[in-house]
Amino acid sequence: MIKLRSSRGSVKMCFGGILAGLAGIYFAVLSFQSYTENSWPQATATVDSVSVDEWKAHRAGMRYQADVSYHFTVGNERFSSYSKLESFATKEQAENEARSYPAGKTLKISYDPRDPDKTTVRPGLTFISHGGTAVFFFLLGSVMYFWGTFERYRYVNRPKHSFSDKSSNFGP
């Protein structure tokens, strides 16, 4: 009995590769946005308050994150904003992070000169994580797409078997 490979798996592999490539593009855009934060001007801000928020991550369980609210002045105009800091697996870790930003503390922030309401305490922090994720998805997508294309090529160019061949061992 001759068993032929199906081409459905290779089509799914190519489609998965395209989706992974699109995810890579998404993370590359996020990475570029966080990279541009490095060129934003800086200002001195004063911490107004800090809080710890908890939220449920899909597979990681509960996550905790410190949110810092602050105000700063650009020219003669006062702005208020906030930044979400790194998320942690335990509430204690997030509270330790929050303690390093007591009310009244001054800190350097970066702000978008076109929209000073957009600020960050740690410019470019997410550049590395988003950039690494983008590279991972680009590589994964490339491997999946080219593997699927190779398998499809092998399926289309497989040897053709003739069942009407008289020299076969299927009977007299």
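Refer to the preceding data block for the structure.
Just so it is clear, the model here is predicted, and its values are computed rather than measured. (Residues numbered from 1 in each chain as written. Predicted model: local features only at pLDDT ≥ 70, side-chain atom pairs only at ≥ 80, totals over all residues. Heavy atoms only, no water.)

(A) Region of the structure containing the side chain of aspartate 67. In this fold, aspartate 67 is placed in strand S2 (residues 61–74). Apart from the residues lying within four places of it in its own chain, the contact partners of aspartate 67 are Ser49, Val50, Ser51, Asp53, Ser83 and Lys84. (Helix = DSSP H or I, 4+ residues; strand = E, 2+ residues; numbered from the N terminus. Contact = heavy atoms within 4.5 Å.)

(B) Expanded view of the environment of aspartate 117. Considering the arrangement of structural elements, one finds aspartate 117 in strand S5 (residues 115–120). Taking the C-alpha atoms as reference points, aspartate 117 and serine 80, 37 residues apart in sequence, are found 7.2 Å from one another. Setting aside residues up to four positions removed in sequence, aspartate 117 forms contacts with Phe79, Ser80 and Ser81.

(C) Fine view of the pairing of strand S1 (residues 42–57). Two strands pair when backbone bridges link them, and S1 and strand S4 (residues 106–112) are joined in this way by five bridges, in the antiparallel orientation. The partner of threonine 44 across the bridge, within S4, is lysine 108. Examined bridge by bridge, S1 and S2 share 12 bridges and lie antiparallel to one another. The residue of S2 that forms the bridge with glutamate 54 is tyrosine 64. (Pairing = 2+ DSSP bridges.)

(D) Representation of the packing of aromatic side chains within the structure. Scanning the model with the defined rule gives two aromatic pairs in all. Seen from their ring centres, phenylalanine 72 and phenylalanine 79 are 5.6 Å apart, and the 25 degrees between their planes marks the pair as stacked. Overall, phenylalanine 79 belongs to the buried group, its relative accessible area being 10%. Here the aromatic residues Phe72, Phe79 and Tyr111 are joined through ring pairs into a cluster of three or more. The ring of tyrosine 101 carries the charged tip of lysine 105 above its face, separated from the ring centre by 5.2 Å. (Phe/Tyr/Trp six-rings, centres within 6.5 Å; stacked < 30°, edge-to-face > 60°. Buried < 20%, exposed > 50% of the residue type's maximum accessible area, 1.4 Å probe, protein only. Lys NZ or Arg CZ within 6 Å of the ring centre and 35° of its normal.)

(E) Main features of the pattern of salt bridges. A full pass over the atoms with the stated rule returns three salt bridges. A salt bridge links lysine 84 to aspartate 67; its shortest N-O distance comes to 3.3 Å. Of this pair, lysine 84 sits in strand S3 (residues 77–88) while aspartate 67 sits in strand S2, placing them 17 residues apart in sequence. Close ionic contact of arginine 114 with aspartate 112 constitutes a salt bridge, the shortest N to O distance being 3.7 Å. Shared partners join several salt bridges into a network, and the residues in it are Asp53, Asp67 and Lys84. (Salt bridge = Lys/Arg side-chain N within 4 Å of Asp/Glu carboxyl O.)

(F) The nonpolar core, seen in detail. Among the nonpolar cores identified, the biggest contains 15 residues, and Tyr70, Phe72, Ile109 and Val121 are the most heavily contacted of them. Of all the elements in the fold, those that place two or more residues in this core are S1, S2, S3 and S4. With four residues, the single largest contributor to this core is S2. Aside from chain neighbours lying at most four places away, what touches phenylalanine 72 is Ala43, Thr44, Ala45, Glu77, Arg78, Phe79, Ser81, Ile109, Tyr111, Pro116 and Thr119. (Core = buried A, V, L, I, M, F, W, Y, C linked by side-chain atoms within 4.5 Å.)

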